[in-house]
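Chains, contacts and geometry: an overview
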Amino acid sequence: MSGPGGSCVCVRGFRDVCDIIGGRGASCLRVRQILFPTMPRLFLIFLFLLLRHICLAEFPGPPPVSVWQGAQYIYPGIQHARLRVDNPRLMAINLVRVDLTNPYIRFVATEADPMAGQPMPDCPRFTVRTRRQTTGEFMKYCRRLPNEGGLGLPVLLAVNSCPWSPWESPFTHKFSDNMGLLVSGGRLVCPSNGRPGLVVTWDNKLEFRDFPKDAQMTSDMYIVLCGFQMVMRNDEIVVKPSGKDLHPRTVWGLDKERKILYIMTIDGRQDGYSLGADLYECAQMMKYAGASDAINMDGGGSTTLVYWSPAENQPVLLNQPNKGNYQRTVGASLGIYYAPVRRQRR
């Protein structure tokens, strides 16, 4: 891989089954002749359609190539891989692997807006928690110096995170609510709504936790960002395949030892480029990548992954949210940066 946005690894499904049985480039007809030379044609057609469905639904065994083949370090401790999948459909996938044993890696999340706690001016039945901004704008805000109104944090990678409300016509609301338990910098931003989330503790440990609706912030929480649901727990996929609920996706995962954070985006709703994935396929890809647990975050048009390009001196998209690369303003984002000193509890 020559760089973010460079060459990619292609992963296929049923095509490789034909290659293995009948030889490289073998057709399904050749495979039929090898395995079942005397069976009636209609029965064989039915059998192969059934086998194809099973292969596409279950993806038995490891993928034909490592999902990390051709990956590169875009920054020390942050590795990126771009994959193109054409079976069961076109999918453009970005995978990031963050080394949590790197002592300098730190995390930052969207903060509460100064108007937090007030009714939303443009939708009063909701309460202001955060101000919506694109993930690229979030990165710029983090990197801006404090005397220029920013945080002064050299964020290198950022990704969208929590689902939020309101999401209704005219879709231009400036603020966010109902994001699940959200903690930023050790301060409560939004109360729980019963969804699970990723927790970053004050000593920079990461874990997934389930939160009931009455969950309270605890003293060890530095960052909490919640998603829709867990898709994998303890190496087991906990969602069912559908093949129909196809959308752009943002999924986060952790390995069993909690030494690696995985971030995945899958683009969708773009004919000829990427059609999206269901949750089962997201969990499968996370499992191939090395995750033991994984959570489905906000997806759809919100799915955004950016890195800081020193050459361009600005955030650059790693994924393609839409054909125009327009970034949606979202309720919250997660950023990754380096810091040489341990943070102090407030």
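Report on the accompanying structure.

1. A few points about the sheet that holds strand β14 (residues 206–209)
Spatially, β12-β11-β15-β13-β14 is the arrangement adopted by the five strands of the open sheet, whose pairing is antiparallel. The strands lining the two open edges of the sheet, one partner per strand, are β12 (187–190) and β14. In this sheet, neighbouring strand axes are inclined to one another by 30° on average, regardless of whether the strands run parallel or antiparallel. As paired elements, strand β13 (residues 197–201) and β14 share four bridges and run antiparallel to each other. Each bridged residue has a counterpart across the sheet, and for Val-200 the counterpart in β14 is Leu-206.

2. Focus on the sheet that holds strand β23 (residues 333–338)
Sheet strands pair via backbone hydrogen bonds, and the direction of the pair is either parallel or antiparallel. If you walk across this open sheet you meet the five strands as β5-β23-β9-β21-β22, and the pairing is antiparallel. The open sheet terminates on both sides in strands that have one partner only, identified here as β5 (105–109) and β22 (314–317). Within this sheet the neighbouring strands show an average axis-to-axis angle of 25°, counted without direction.

3. A few points about the packing of aromatic side chains
Per the counting criterion, the structure on display carries four aromatic pairs. Ring plane angle 70° and centroid distance 4.8 Å describe the contact between Trp-202 and Tyr-222, whose orientation is recorded as edge-to-face. Linking Trp-202 in the loop between β13 and β14 with Tyr-222 in strand β15 (residues 221–226), this pair joins segments that are 20 residues apart in sequence. Residue classification places Tyr-222 among the buried positions, given a relative accessible area of 12%. Counting every residue linked through ring pairs, the aromatic cluster contains Trp-164, Trp-167 and Phe-171. Directly above the ring of Trp-308 sits Arg-143, whose terminal nitrogen or CZ lies 3.9 Å from the centroid.

4. Looking at the side chain of Thr-110
With respect to the secondary-structure elements, Thr-110 resides in the loop between β5 and β6 (119–120). Residue Thr-110 is classed as buried on the basis of its relative accessible area, which comes to 5%. Only 2.8 Å separates the side chain of Thr-110 from the backbone nitrogen of Ser-333, close enough to count as a polar contact. Residue contacts for Thr-110: discarding those within four places in its chain leaves Thr-130, Gln-133, Phe-138, Leu-182, Ser-184, Val-189, Gly-331, Ala-332 and Ser-333.

5. Topic: the nonpolar core
Counting residues in each nonpolar core, the largest one holds 52 residues, and the members touching the most others are Phe-107, Leu-157, Leu-225, Trp-252 and Ile-263. Residues Ala-81, Met-91, Ala-283 and Ala-294 belong to the second largest nonpolar core, which totals 25 residues.

6. Overview of the pattern of salt bridges
Throughout the structure, instances matching the rule amount to ten salt bridges. In this structure, Arg-209 engages Glu-207 in a salt bridge whose closest nitrogen and oxygen atoms are separated by 3.0 Å. The exposure class of Arg-209 is buried, given its relative accessible area of 19%. Using a relative accessible area of 30% as the deciding quantity, one classes Glu-207 as partly exposed. Through salt bridges with shared partners, a single network forms among Glu-207, Arg-209 and Asp-220.

7. Examining the pairing of β12
The pairing of strand β11 (residues 182–184) with β12 spans three bridges and is antiparallel. In the strand pairing of β12, Leu-182 is matched with Cys-190. Connecting β11 to the next strand, β12, in antiparallel fashion are two residues, including Gly-185 with a positive phi near 60°.

8. What to know about the pairing of strand β19 (residues 260–266)
Extensive coverage of β19 is indicated by the burial of six of its seven residues. Pairing analysis gives seven bridges linking strand β4 (residues 91–99) to β19, with the strands arranged antiparallel. Considered in β19, the bridge of Arg-97 is made with Tyr-262. Sheet analysis places strand β18 (residues 249–254) next to β19, joined by six bridges and oriented antiparallel. Looking at the pairing, Thr-250 lines up with Thr-265 of β19. Joining the antiparallel neighbours β18 and β19 is a turn of five residues, in which Arg-258 adopts a positive phi near 60°.

Rules used throughout
- Residues numbered from 1 in each chain as written.
- Predicted model: local features only at pLDDT ≥ 70, side-chain atom pairs only at ≥ 80, totals over all residues.
- Heavy atoms only, no water.
- Pairing = 2+ DSSP bridges.
- Helix = DSSP H or I, 4+ residues; strand = E, 2+ residues; numbered from the N terminus.
- Axes fitted to C-alpha atoms, helices over the stretch in contact; angles between N-to-C directions.
- Phe/Tyr/Trp six-rings, centres within 6.5 Å; stacked < 30°, edge-to-face > 60°.
- Buried < 20%, exposed > 50% of the residue type's maximum accessible area, 1.4 Å probe, protein only.
- Lys NZ or Arg CZ within 6 Å of the ring centre and 35° of its normal.
- Polar contact = N/O pair within 3.5 Å; in protein donor to acceptor, adjacent residues only side chain to side chain.
- Contact = heavy atoms within 4.5 Å.
- Core = buried A, V, L, I, M, F, W, Y, C linked by side-chain atoms within 4.5 Å.
- Salt bridge = Lys/Arg side-chain N within 4 Å of Asp/Glu carboxyl O.

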